[in-house]
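As a plain string of letters, each chain reads:
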Amino acid sequence: MKEMTKKTAVVAMAGIMAAGMLTGCGEKKLDGSKTVATVDETKIPLGVVSLSVREGQMQTEAMYRSYMGGSDFDIWDTEAEKGKTYGEQAVEESLKDVELMYIMKAKAADYDVELTDEDEKAIAEAAASFMEANSEETIADLAVTEDQVKTYLELQTYKQKIHDPIIADVDKNVSDEEAQQSSFEYVSVSTADLSDDEIKEKKEDAQKILDGLKADPDGDFSEIAKSVDDSYSSLSGTFDANETSEDEDTDDEDAEDAEDADDGSSSYSGTYPEEVIDVLRTLDDGEVASDIIETDTAYYVVKLNKKDDEEATETKKESIISTREQTLYTDTTEKWLDDADIKEEKKVLKTLKVTDNHKYVAPTATPAPTEEAAETEEVTETPEADATETPEVTEAADTTTTPEATEAPSYSTDTSLTVKDGDTVNIDYVGKIDGTAFDGGSTNGQGTDLEIGSGSYIDDFEDQLVGAHPGDEVEVTVTFPDDYGAADLAGKEAVFDVTVNGIYE
């Protein structure tokens, strides 16, 4: 238990551990002792919110660098909505998060949640380490005291501990019929933005693939596709076996973690055209669709692997339960916020700003052995505490590397090329949640390189680009993990509008 609580405290500090590295100092000095809000008569000092804001700022910027590469980008001064900048939104969202954590602390006893002596000791040690690791200038810029750091860590620990008790009573019974998944393989031959003659050629290719698969239904689907053209390969996926009404589970993430075909891809029913799913529902195990399936943007050749894929179904059940848990957690905590007596001091809050010329830079995954790094080694040596290692982003996404292609593109824009596993592509994208673009989720038209199959991007982002062509616009849907570093993204489904700029040959 002691080890776990120490890790909890250190992880909570990860986002602000390197706050000593900042640029653009010039804001009016903050007074961290001022009350920025009152929650049920409990006063919240500005210093605590300042820590939360800077943690969120650095996590967002780390994610942005992981996607884009480099560090020269503007996020916070861009207008978001209703005349507010993303920076202003970030401050308001952090205040709401802190208010909720204060409520959680007050509700903890109702769920038999308390901090142990080990928790308290670990929190005190982490707070002391933080104060020691940062310069006086940085501490003054953050407007934070050691007691406020301890308070913030206590709140984070309560938030973590109360999560499971809140969702403990969720219904974990999911019927086989509700969750049943079918698995299949397919090849898509894109026809987007092609001439009539080119589309005709693509249809001929699709027919050759279909004929080859019919001749050898048990053969290697990818090899059959590649025998027609090396750019083609098969993908695999799953979909809801039973047609269901539109309920809370219809669009849930499903078998993304299930073991798939040799190419390792997976997806969920919302990814595939309705025409494809309709045909797949008519097939039996191992059966190949008798005809090419034509959509507005591609030809499909499909084969049903299993009408009842037990492994994928179990994964779907877990996904449904996870969604129920997330819904219960969100409904419960939002009601707490609605019921609480909250008074905010807007003038005080406006003194806390997040701007593009005032940034806090997180340490890299492997800090250089400088004197500064040595001074903070005790705090940052825990791998889990590295602020730049956002969950689901691997070392392949080196945050210190700026893609050369953004300066001198050398990729091909030949529309006859097709993205396949192992290719390096240059893309642009805009990420949205519930139709609204989120901080750090766009390349702003600057372009960034991505190796397909590297696992650099979250979820099955890369798999959904396979089969696309230069110039294609692809809608990529992913779900951020529940424990994702950026709290405003954790557990949420995001849709990325991706433009494939080109493929490196």
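You'll find the structure just up there.
The following paragraphs examine the structure supplied in this document. Since this is a predicted model, take the numbers as computed values, not measurements.

Turning next to empty space enclosed by the protein. Scanning the entire structure with this criterion turns up 1 cavity of 30 Å³ or more. If you add up the space inside the largest cavity, you get close to 70 Å³. Taken together, Val187, Ser188, Ser231, Tyr232, Ser233, Leu235, Thr418, Val419, Val466 and Gly467 make up the full set of residues lining the largest cavity. Broken down by class, the residue content of the lining of the largest cavity amounts to 5 nonpolar, 5 polar and no charged.

With that settled, the discussion passes to the side chain of Asp472. By the secondary structure assignment, Asp472 is in the loop between strand 14 (448–451) and strand 15 (473–479). Lys202 provides the closest opposite charge to the buried, unpaired Asp472, separated from it by 9.5 Å. Side-chain polar atoms of Asp472 contact the side chain of Ser190, separated by 3.5 Å. There is a polar contact of 2.8 Å between the side chain of Asp472 and the backbone nitrogen of His469.

Turning next to the pattern of salt bridges. Across all of its chains, the model carries 13 salt bridges by this definition. In this structure, Glu92 and Lys84 form a salt bridge, with 2.9 Å as the shortest nitrogen-oxygen distance. Here the residues in one salt-bridge network are Asp171, Glu178 and Arg324, joined through shared partners.

Judged by pairing direction, the sheet is antiparallel, and its 3 strands sit side by side in the order 3-2-10 without closing on themselves. If you trace the sheet from one side to the other, it starts and ends with strand 3 (42–45) and strand 10 (342–344), each paired once. Taking each pair of neighbouring strands and ignoring which way they run, the sheet shows an average axis angle of 20 degrees. Strand direction decides the pairing type here: strand 2 (residues 35–39) and strand 10, joined by 3 bridges, are antiparallel. Opposite Val39, over in strand 10, you have Ile342 as the bridge partner.

Quick look at the nonpolar core now. Nonpolar side chains tend to gather and get buried jointly when the protein is soluble and globular. In terms of nonpolar packing, the biggest core is built from 52 residues, with Val36, Ile44 and Val49 touching the most fellow members. Among the secondary structure elements, those contributing two or more residues to this core are strand 2, helix 2 (46–68), helix 3 (86–107), helix 4 (117–133), helix 5 (136–142), helix 6 (146–167), helix 11 (310–339) and helix 12 (346–349). Looking at which element gives the most residues to this core, the answer is helix 3, with 10 residues. Setting aside its immediate chain neighbours within four residues, Val49 contacts Val36, Ile44, Leu95, Val98 and Leu352. Tyr186, Ala289, Tyr457 and Phe496 belong to the second-largest nonpolar core, a separate cluster that totals 40 residues.

Interhelical geometry of helix 4 versus helix 6 gives an angle of 135 degrees and a closest axis separation of 9 Å. As summarised for this structure, helix 4 and helix 6 are arranged oblique, according to the angle between their axes. Judged by the sense of rotation from one axis to the other, the crossing of helix 4 with helix 6 is right-handed. Touching Asp119, Glu120, Ile123, Ala124, Ala126, Ala127, Ala128, Phe130 and Met131 of helix 4 are Glu146, Val149, Lys150, Leu153, Glu154, Thr157 and Lys161, all from helix 6.

Here we take up the environment of Gln57. Along the chain, Gln57 turns up in helix 2. Each C-alpha atom, one on Gln57 and one on Val354, is 7.6 Å from the other, the two residues being 297 residues apart in sequence. Reaching out from Gln57, the side chain makes a polar contact with the backbone oxygen of His358 at a distance of 3.0 Å.

Thresholds, definitions, all that
- Residues numbered from 1 in each chain as written.
- Predicted model: local features only at pLDDT ≥ 70, side-chain atom pairs only at ≥ 80, totals over all residues.
- Heavy atoms only, no water.
- 1 Å grid on protein atoms, 1.4 Å probe; cavity = no way out; pocket = protein on both sides within 12 Å on 5 of 7 lines; lining within 4 Å.
- Points joined across faces, edges and corners; volume = space filled by probe spheres on them.
- Nonpolar A, V, L, I, M, F, W, Y, C, P; charged D, E, K, R; others polar.
- Helix = DSSP H or I, 4+ residues; strand = E, 2+ residues; numbered from the N terminus.
- Buried < 20%, exposed > 50% of the residue type's maximum accessible area, 1.4 Å probe, protein only.
- Lys, Arg positive; Asp, Glu negative; His and termini not counted.
- Salt bridge = Lys/Arg side-chain N within 4 Å of Asp/Glu carboxyl O.
- Polar contact = N/O pair within 3.5 Å; in protein donor to acceptor, adjacent residues only side chain to side chain.
- Pairing = 2+ DSSP bridges.
- Axes fitted to C-alpha atoms, helices over the stretch in contact; angles between N-to-C directions.
- Core = buried A, V, L, I, M, F, W, Y, C linked by side-chain atoms within 4.5 Å.
- Contact = heavy atoms within 4.5 Å.
- Parallel < 35°, antiparallel > 145°, perpendicular 65-115°, else oblique.
- Left-handed = near helix turned anticlockwise from the far one by under 90°.

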